[in-house]
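Structure at a glance
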Amino acid sequence: MAALMPEANPRVLSRLEELIGTHAMFRIGMVVSVPMTILFFAELFGYQVRFFPPGVVKMRRRWNAKAVAMMAMTAALSVILQAVSAILVLIPGFLTFRADALVRFPFGAIFGMPAVWGVAIANLLGDALTGSLSPGSIAGAIVSWWMAYLFYRLYRGPEDYCMAKKSGWIKYYAVVLLWCVLGSFYLCTNFSYLRLFPDSLIWTAIFPAVGVTTFVGGLLGPLVARVVGPAAERYGLSRDEMGYEKSETLEQSG
């Protein structure tokens, strides 16, 4: 996969920068990144934004043994896959092939928020273990958190997250594509803000690489869900069976 990153020819990058409009991409990225970061911190403090109907709810979550176990399992599998895929380096110290997407996407749908937080923790641990921990790792942890969070929010019920129907598969790839757009904008906007790379390289090379490598890494996710989902239901470990969380409106909690 390292061969996917050509040598940075200044003239080529300059031309691509003119065609793409890196300043416009950065502004779009800021529009995307601010609400994503706000929603992340809202969930961190136990609040969830709902759109249908619109409002904010307080989430009551119980970190029981099952929830902690699912978070740890997700983190462990993610770190292992992240470490294995680290040999396929795109940008040394920053970007590798995303084999961990194979579990991060479906686990968010199956296990809910324990898996979501497991993914965020795994990203920081994985970067530390592979020697790629950097200021960009914070942005990486948040955008990785969104990999599982989108599936947690957009999937409902065993039929859905066990991929028992064709519609579940179609939704899976649609949500993965959604993350590839949002995640690429978020990560590259933060790379640009932190000045980790030249803007011409960020928006012409890293931006498409993030989406492509993640989509390819997550292609077999529905097969993982077909195996793990029913097993989680059977042993009381799925998001529905764990009874991990319940919500209440802010008016009710007051």
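For the structure given in this document, a descriptive report is provided here.

What counts as what
All chains use their own residue numbering, which begins from 1 and follows the written sequence. This being a predicted model, a pLDDT of at least 70 is required before a residue's local features are given, and a value of 80 or more before pairs of side-chain atoms are given or counted; all residues contribute to the totals for chains, interfaces and linings. Side-chain numbers come from the whole structure's heavy atoms, not from hydrogens or water. Each helix corresponds to a stretch of at least 4 residues labelled H or I by DSSP, and each strand to a stretch of at least 2 residues labelled E; elements are numbered beginning at the N terminus. Partly exposed describes any residue whose relative accessible area lies between the buried limit of under 20% and the exposed limit of over 50%, with all areas from a 1.4 Å probe on protein chains only and scaled to the type maximum. Any two residues whose heavy atoms approach within 4.5 Å at even a single point are treated as in contact. Surface accessibility in these figures is a Shrake-Rupley result with a 1.4 Å probe; residues are shielded only by whichever protein chains are displayed. Paired rings are identified among Phe, Tyr and Trp, the last through its six-membered ring, by centres lying within 6.5 Å, and are further divided according to the angle between planes into stacked (under 30 degrees), edge-to-face (over 60) and tilted (the rest). Think of a 1 Å grid over the protein atoms and nothing else: a 1.4 Å probe that fits but is trapped marks a cavity, an open set flanked by protein within 12 Å on at least five of seven lines marks a pocket, and residues with an atom within 4 Å of a point count as lining. Grid points are joined across faces, edges and corners, and a volume is the space filled by probe spheres set on the points. Each residue gets one label: Ala, Val, Leu, Ile, Met, Phe, Trp, Tyr, Cys and Pro are nonpolar, Asp, Glu, Lys and Arg are charged, and the others, such as Gly, are polar. Under the rule applied, a polar contact is a pair of N or O atoms within 3.5 Å (in protein, one hydrogen donor and one hydrogen acceptor; residues adjacent in sequence only if both atoms are side-chain atoms). Residue count minus one, scaled by 1.5 Å, sets the expected span of a helix. Each axis is a line fitted through C-alpha atoms, taken for helices only over the stretch in contact, and angles between the N-to-C directions span 0 to 180 degrees. Our angle categories are set so that under 35 degrees counts as roughly parallel, over 145 as roughly antiparallel, 65 to 115 as roughly perpendicular, and the remainder as oblique. Handedness of a crossing is defined here by the sense of rotation of the near helix relative to the far one, left-handed for an anticlockwise turn of less than a right angle and right-handed for a clockwise turn. A patch is a set of surface residues, each over 30% in relative accessible area and not in a salt bridge, joined within 9 Å for like charges and within 5 Å for the nonpolar side chains Val, Leu, Ile, Met, Phe, Trp and Tyr. For this analysis, a salt bridge means a side-chain nitrogen from Lys or Arg found within 4 Å of a carboxyl oxygen belonging to Asp or Glu.

Section: the overall build of the protein chain
Scanning the protein chain for helices and strands turns up twelve helices and five strands. Counting over 254 residues, the protein chain shows a buried share of 49%. In the protein chain, the share of contacts with a sequence separation of at least 24, taken over all contacts with a separation of at least 6, comes to 77%. With the model as given, the accessible surface of the protein chain reaches about 12300 Å², and the carbon-plus-sulfur share is 69%.

Examining the packing of aromatic side chains
Applying the stated criterion to the full structure yields 21 aromatic pairs. Arranged with centres 6.2 Å apart and planes meeting at 70°, the rings of F105 and W179 form a pair that is edge-to-face. A residue pair is termed long-range when its members are at least 10 positions apart, and F105 in helix α4 (residues 101-111) and W179 in helix α8 (residues 166-193) qualify at 74 residues. You can call F105 buried: its relative accessible area is 0%. The class of W179 is buried, set by a relative accessible area of 1%. Ring plane angle 80° and centroid distance 5.2 Å describe the contact between W146 and Y149, whose orientation is recorded as edge-to-face.

Points about the layout of surface pockets
If a probe the size of a water molecule is rolled over the atoms, the empty space left behind becomes visible. Put simply, the second largest pocket is a space of about 300 Å³. Considering the residues around the second largest pocket, the lining is formed by V32, P35, M36, L39, F51, W146, Y149, L150, R153, L154, L178 and L182. Taken together, the elements giving at least two residues each to the lining of the second largest pocket come down to α2 (22-44), α6 (136-154) and α8. With five residues, the top contributor of residues to the lining of the second largest pocket is α6. Residue classes in the lining of the second largest pocket are distributed as eleven nonpolar, no polar and one charged.

What about the side chain of K58?
Looking at where K58 falls in the secondary structure, it is placed in strand β2 (residues 54-61). With a relative accessible area of 16%, K58 lands in the buried category. Of note is the side chain of K58, whose polar atom sits 3.3 Å from the backbone oxygen of F45.

Re α2
Between its terminal C-alpha atoms α2 stretches 32 Å, which fits the 33 Å expected from 23 residues at 1.5 Å a residue. Within the sequence span of α2, burial applies to T22, M25, G29, V32, S33, M36, L39, F40, A42 and E43. Count one or two residues on from α2 and you reach G46, which has phi positive near 90°.

Quick word on the packing of α4 against α8
Remark: α4 packs on α8, axes separated minimally by 12 Å, with the N-to-C direction vectors making an angle of 115°. It follows that α4 is roughly perpendicular to α8 by the angle criterion. Like other packed secondary-structure pairs, α4 and α8 cross with a definite hand, here right-handed. Between α4 and α8, the contacting residues are A101, F105 and P106 on the first element and Y172, V176 and W179 on the second. Split into classes, the residues belonging to the contact of α4 with α8 amount to six nonpolar, no polar and no charged.

Considerations on a nonpolar patch on the surface
A surface patch of nonpolar side chains, amounting to about 470 Å² of accessible area, comprises F41, L44, F45, Y47 and V56. Within the secondary structure layout, V56 lies in strand β2.

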